[in-house]
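# Structure at a glance
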Amino acid sequence: MEQGNFGSTAKFEKFVLEMKISSSSCWVLASVVEGVGRYIVYYAEGNGNFMIGDQVNFDEPLEYMHPLPTNGSPFYRFYVKATQGAENQQNLGGESFSTTVQQDIPNFSAVPDPFYLQNVSVVQSNLEITFLTEPLSPLVYTLERLDPVIEIWTEVSSKLGVDGTHTFVDTEADSRQGPHTYRIRVSDSCGREIGISNEGTSLFLSGTANSDKLLNVLNWTQIDWMQGEVINYFIQKSENGIPQGPPLGVTNPNIRFFEDDVVDEFDTSTGSFCYVAGAREDPAGSIEGQGATLISNEVCVLQEPSIWIPNAFMINGENDTFFPKIKMAMTDEYEMKIVDRWGKEVFYTNDIDEGWDGRVNDKFAQEGTYLYFITVAERLLHLAQAVV
């Protein structure tokens, strides 16, 4: 921008025009420059003649909004004249002009095409929301989450669109507390709302243990908001929320439960089993012909520990060491303490493979009744009497 000069009494600093374009208006912005009495905005549509647009007094920042042309002009041209005299005053010695700025006018549509919320999945406990929009669309996208209790949408985050696929990450929502519903609100750079996307809801998985039958029963919510139909659901083992190995089972869209038989893992498992569920969209009906795959929250099912404890043992007999047999438990957090009838500790171990051979200070204890306390994974599993 050129520097203005008002004779020998006043000299303006350079002033710069900033241009913003929205779906309905073109904006011309400039800061207050010391010594300026007023700004006068001139504009032209395309290669047409310049016309006066607005006048702004010196004590106000220049912020001029002009409607977009209706005659199909591909661009606007603007320049600004700065004078020493305020509005309705004569010029007091000089004036200065900015250079001419040209603003191309994009071909806005009411809503970007495509504009579609495609996927809501849980990734390591965070919810990731993916949506498609028009490539290189210079618009602002805002993610909103529905509060199901008060039925109000709250803003999560926003971003300026730069390509055709976007992903939001919601770190505040707890994926373990139920399904979460989202939508995307799109607005122009001036904050005017253009449209709202479809709503998308996460897949929520829950589970319970049937310890009598050594089954883990899993249930999940229905997904019916995607453009393509759900062709199947599947269940996978998981670790820290990440699917592991091939699916344990695949169900048709009308079945939303699965029973995992863990009998074969009875001798080796710690009793904790973690899973995620997935929903596959039919590619033929999807918006890009590929189909989305939604991944649920992780759920961990805890089987009840099984414990066998002898009620007596005999020194130098067939059963000469006292120790329990424990299955389906975290035995790395194991403790066993044995006390006599007066409460004095006679034996302690945190090794699941170590038992009591009846010795106290390298001598065999007297025959009698002793109490044992066994704790596994910070839970007191059993309290009973043992006869020595």
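Starting from 1, residues in each chain are numbered consecutively following that chain's sequence as written. Side-chain atom pairs in this predicted model are given and counted only at pLDDT of 80 or more, local residue features only at pLDDT of at least 70, and totals for whole chains, interfaces and linings cover all residues. Values reported for side chains reflect all heavy atoms of the structure, with hydrogen atoms and water molecules removed beforehand.

## Considering the state of the cysteines
Under the convention used in this document: Any two cysteine sulfur atoms within 2.5 Å of one another count as a disulfide. Helical segments are the DSSP runs of H or I of at least four residues, strand segments are the runs of E of at least two, and each set is numbered from the N terminus. Here's how the labels work: a residue is buried when its accessible area is under 20% of the maximum for its type, exposed when over 50%, partly exposed in between, all with a 1.4 Å probe on protein chains only.
Evaluation of the coordinates by the stated rule reveals one disulfide. In this model, Cys274 is linked to Cys300 through a disulfide, with the two sulfur atoms separated by 2.0 Å. In this structure, the disulfide formed by Cys274 and Cys300 twists by about 105° around the S-S bond and is classed as right-handed. Of this pair, Cys274 sits in strand 24 (residues 272-281) while Cys300 sits in strand 26 (residues 299-302), and the two are 26 residues apart along the sequence. Judged by its relative accessible area of 16%, Cys274 is buried. A residue is classified by how much of its surface remains accessible, and Cys300, at 42% relative accessible area, is partly exposed.

## Overview of the packing of aromatic side chains
Just so we agree on the cut-off: The pairing test for Phe, Tyr and Trp rings, Trp by its six-membered ring, is centres within 6.5 Å, and the orientation test on the planes gives stacked under 30 degrees, edge-to-face over 60, and tilted for anything in between. Criterion for a charge above a ring: Arg CZ or Lys NZ at most 6 Å from the ring centre, at most 35 degrees from the ring normal.
Overall, the coordinates contain 11 aromatic pairs when judged by the stated rule. Geometrically, the ring pair formed by Phe115 and Phe131 is edge-to-face, given 6.5 Å between the ring centres and 85° between the ring planes. On the criterion of sequence distance, the pair formed by Phe115 in strand 11 (residues 115-123) and Phe131 in strand 12 (residues 126-133) is long-range, its members being 16 residues apart. Side by side, Phe115 and Phe131 carry an identical accessibility label, which is buried. Seen in terms of ring centroids, Phe322 and Tyr372 are 5.0 Å apart; in terms of plane orientation they differ by 45°. Their pairing is tilted. Taken together, the residues Phe322 in the loop between strand 27 (306-308) and strand 28 (325-327) and Tyr372 in strand 33 (residues 369-376) connect sequence positions 50 residues apart. Judged by relative accessible area, Tyr372 falls into the buried class, the value being 3%. Here the aromatic residues Phe313, Phe322, Phe347, Trp356, Tyr370 and Tyr372 are joined through ring pairs into a cluster of three or more. Looking at Lys159, its charged tip hangs above the ring of Phe168, at a distance of 5.1 Å from the centre. Above the plane of the ring of Phe373 lies Lys337, whose end atom (NZ or CZ) is 5.6 Å from the centre.

## As for the pattern of salt bridges
So the rule is basically this: We define a salt bridge as a contact between a side-chain nitrogen of Lys or Arg and a carboxyl oxygen of Asp or Glu at a distance within 4 Å.
Considering all chains together, one arrives at seven salt bridges under this definition. Arg183 is the salt-bridge partner of Glu144, the closest N and O atoms lying 2.7 Å from each other. Highlighted residues: Glu144 in strand 13 (residues 140-147) and Arg183 in strand 16 (residues 181-187), separated in sequence by 39 residues. By the burial criterion, Glu144 is buried, and Arg183 matches it. As a salt-bridge pair, Arg176 and Asp174 come within 3.1 Å of each other at their nearest N and O atoms.

## Digging into the sheet that holds strand 20 (residues 215-220)
Put simply, the rule is: Any two strands with at least two DSSP bridges between them are considered paired. Throughout, an axis means a line fitted to C-alpha atoms (over the contacting stretch in the case of helices), and angles, computed between N-to-C directions, take values from 0 to 180 degrees.
In spatial order, the strands read 19-20-23; together these three strands make up an open sheet with antiparallel pairing. Whereas interior strands pair on both sides, the edge strands pair on one side only; in this sheet they are strand 19 (205-210) and strand 23 (257-261). Recorded for the sheet is a direction-independent mean angle of 20° between the axes of neighbouring strands. Examined bridge by bridge, strand 20 and strand 23 share five bridges and lie antiparallel to one another. Across the sheet, Asn219 pairs through a bridge with Phe257, a residue of strand 23.

## Comments concerning the pairing of strand 12
Two faces, one strand: in a regular strand the side chains alternate between the faces of the sheet. Of all eight residues that make up strand 12, six are buried, and the element is covered over most of its length. The pairing of strand 11 with strand 12 spans eight bridges and is antiparallel. Within strand 12, the position partnered with Val123 by the bridge is Asn126. Linking strand 11 to strand 12, which pair antiparallel, is a turn of two residues; within it Gln124 sits at a positive phi near 50°.

## Structural notes on the confidence of the model for the protein
Applied cut-off: Confidence of the predictor at the level of single residues is given by pLDDT, which spans 0 to 100. Here, two residues are considered to be in contact whenever any of their heavy atoms come within 4.5 Å of each other.
In this model, the protein carries a mean pLDDT of 79, and residues with pLDDT of at least 70 account for 72%. The low-confidence segment residues 1-14, where pLDDT is below 50, has 40 contacts with residues more than four positions distant or belonging to other chains. Counting contacts from residues 382-388, a segment whose pLDDT is below 50, to residues more than four positions away or on other chains yields 31 contacts.

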